[in-house]
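Spelled out, the chains give:
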Amino acid sequence: MEEKTQHLLQPLIQTTTTDSYENYDDYKITSSSNANIILRLVLVIFVVVVSLWANYEASKGFAITIVNEANDQSTFASKRFDLFFVSNDEATRLILKTSKFVENILYPINDHLDSGQPQIKKQVKHVILRLSSRNLTRFVIVKPSRDNHEFVLHISPSILEGPSYKSDMFLALQKGMARIWLWDGQGNAPSNLVNGMIEYITSLASSGSITSESESVEPMKLNRSCWKSKDTRTIVKILNFCEGKKEGFVRRLNKEMKNGWHEKMIDDALGTPAWHLCETYKKEVF
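Predicted model, so just to flag it, every value in this text is computed and none were measured.

Conventions and cut-offs
- Residues numbered from 1 in each chain as written.
- Predicted model: local features only at pLDDT ≥ 70, side-chain atom pairs only at ≥ 80, totals over all residues.
- Heavy atoms only, no water.
- Helix = DSSP H or I, 4+ residues; strand = E, 2+ residues; numbered from the N terminus.
- Expected span 1.5 Å × (residues − 1).
- Buried < 20%, exposed > 50% of the residue type's maximum accessible area, 1.4 Å probe, protein only.
- Arc of directions from axis to C-beta.
- Contact = heavy atoms within 4.5 Å.
- Phe/Tyr/Trp six-rings, centres within 6.5 Å; stacked < 30°, edge-to-face > 60°.
- Lys NZ or Arg CZ within 6 Å of the ring centre and 35° of its normal.
- Disulfide = S-S within 2.5 Å.
- Axes fitted to C-alpha atoms, helices over the stretch in contact; angles between N-to-C directions.
- Parallel < 35°, antiparallel > 145°, perpendicular 65-115°, else oblique.
- Left-handed = near helix turned anticlockwise from the far one by under 90°.
- Nonpolar A, V, L, I, M, F, W, Y, C, P; charged D, E, K, R; others polar.

(A) The arrangement of helix α10 (residues 274-285) in detail. Compared with an ideal rise of 1.5 Å per residue, which puts 12 residues at 16 Å, α10 spans 16 Å between its outermost C-alpha atoms and is within 8% of the ideal. Listed in full, the buried residues belonging to α10 are A274, L277, C278 and Y281. Viewed end-on, α10 has its buried residues packed into an arc of 105°, placing them on one side of the element. Check the buried side of α10 and you find it contacts α7 (232-245) and α9 (264-270).

(B) The arrangement of the packing of aromatic side chains in detail. In total, this model carries 6 aromatic pairs according to the counting rule given. Taking the centre distance of 6.0 Å and the plane angle of 65° together, the rings of Y107 and W181 count as edge-to-face. In this pair, Y107 sits in the loop between α3 (90-106) and α4 (117-120) while W181 sits in helix α5 (residues 165-181), placing the two residues 74 residues apart along the sequence. With respect to class, Y107 is no different from W181; both count as buried. Put simply, the rings of F81, F84, F85 and Y165 pair up and form one aromatic cluster. The aromatic ring of W183 is capped on one face by K258, whose charged end is 5.2 Å from the ring centroid.

(C) Representation of the state of the cysteines in the model. Under the defined criterion, the tally for this structure stands at 1 disulfide. Note that C226 is cross-linked by a disulfide to C278, the S-S spacing being 2.0 Å. Taking the sign of the S-S torsion, about -70° here, the bridge from C226 to C278 comes out left-handed. Of this pair, C226 sits in the loop between α6 (191-207) and α7 while C278 sits in helix α10, and the two are 52 residues apart along the sequence. Grouping residues by exposure puts C226 and C278 together as buried. C242 carries a free sulfur, and the closest cysteine sulfur to it, the one in C226, is 6.5 Å from it.

(D) Structural context of the packing of α3 against α5. With their axes 9 Å apart at the nearest point, α3 and α5 run at an angle of 45° to one another. Classified by the angle their axes make, α3 and α5 are oblique. Crossing of α3 over α5 shows right-handed handedness. Mapping the contact onto sequence places L94, I95, K97, T98, S99, F101, V102, E103 and L106 in α3 and M169, F170, L173, Q174, M177, A178 and W181 in α5. For the contact of α3 with α5, the per-class residue count stands at 11 nonpolar, 3 polar and 2 charged.

The values reported here are purely geometric and, on their own, carry no functional implication.
Laid out in structure tokens, this is it:
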């Protein structure tokens, strides 16, 4: 009787053991499924957070539009522009990078503590990068809108035809963004001075420093008005000299040129008569 009882119970015990393994397998499958769901939720949340952060950062800047006017011509420059600067958003990144560099020079963060800073900084709401359908006289030409809040960077397609097209594009955009952020005395500041300031900022961006004084520049012809030189390299070196004598000179000069222009602005930015510094520059350099 005892043997019979054991025989009858044996299948029940085996069945119970099998069910236990099946339940464990189901538990593993369920746990794995739950883990996958949690992982997907975490990824979705991460993407949403990154997107919100990106939108927040973008809201603090300006809108960017990229236009390829030569797109319907299927030229070499047009294809290269689309491939290396449009399809991968490189053009947008370059605009933001070059803009930030200029802003840090002309409108540094520590100046934001100044209550007047928001009124000093130029309001840039929209930048349009437009690859021209024809070659231009310069690699980049900047055209502002009537309200001076929207700017178009006209890029010459010739910039994309050389072997150093990437660095040439970077320098062109750096010059363009420098021109956008610089005040020009409401159009009355000397063009040679404004162009010199553009080249000065671009030189800092490309090499981190201005070329050595030993390099040849135009001989000084204007004893007391050296900043009136028509040679851009000379203006760049004078600006660098002024910056060395009075740190923040370029930033202060840009600030002075917001509402107009007069020659005394250079004196104010230097904190000393400009003619005196021109004389000093001539003695030390030539």
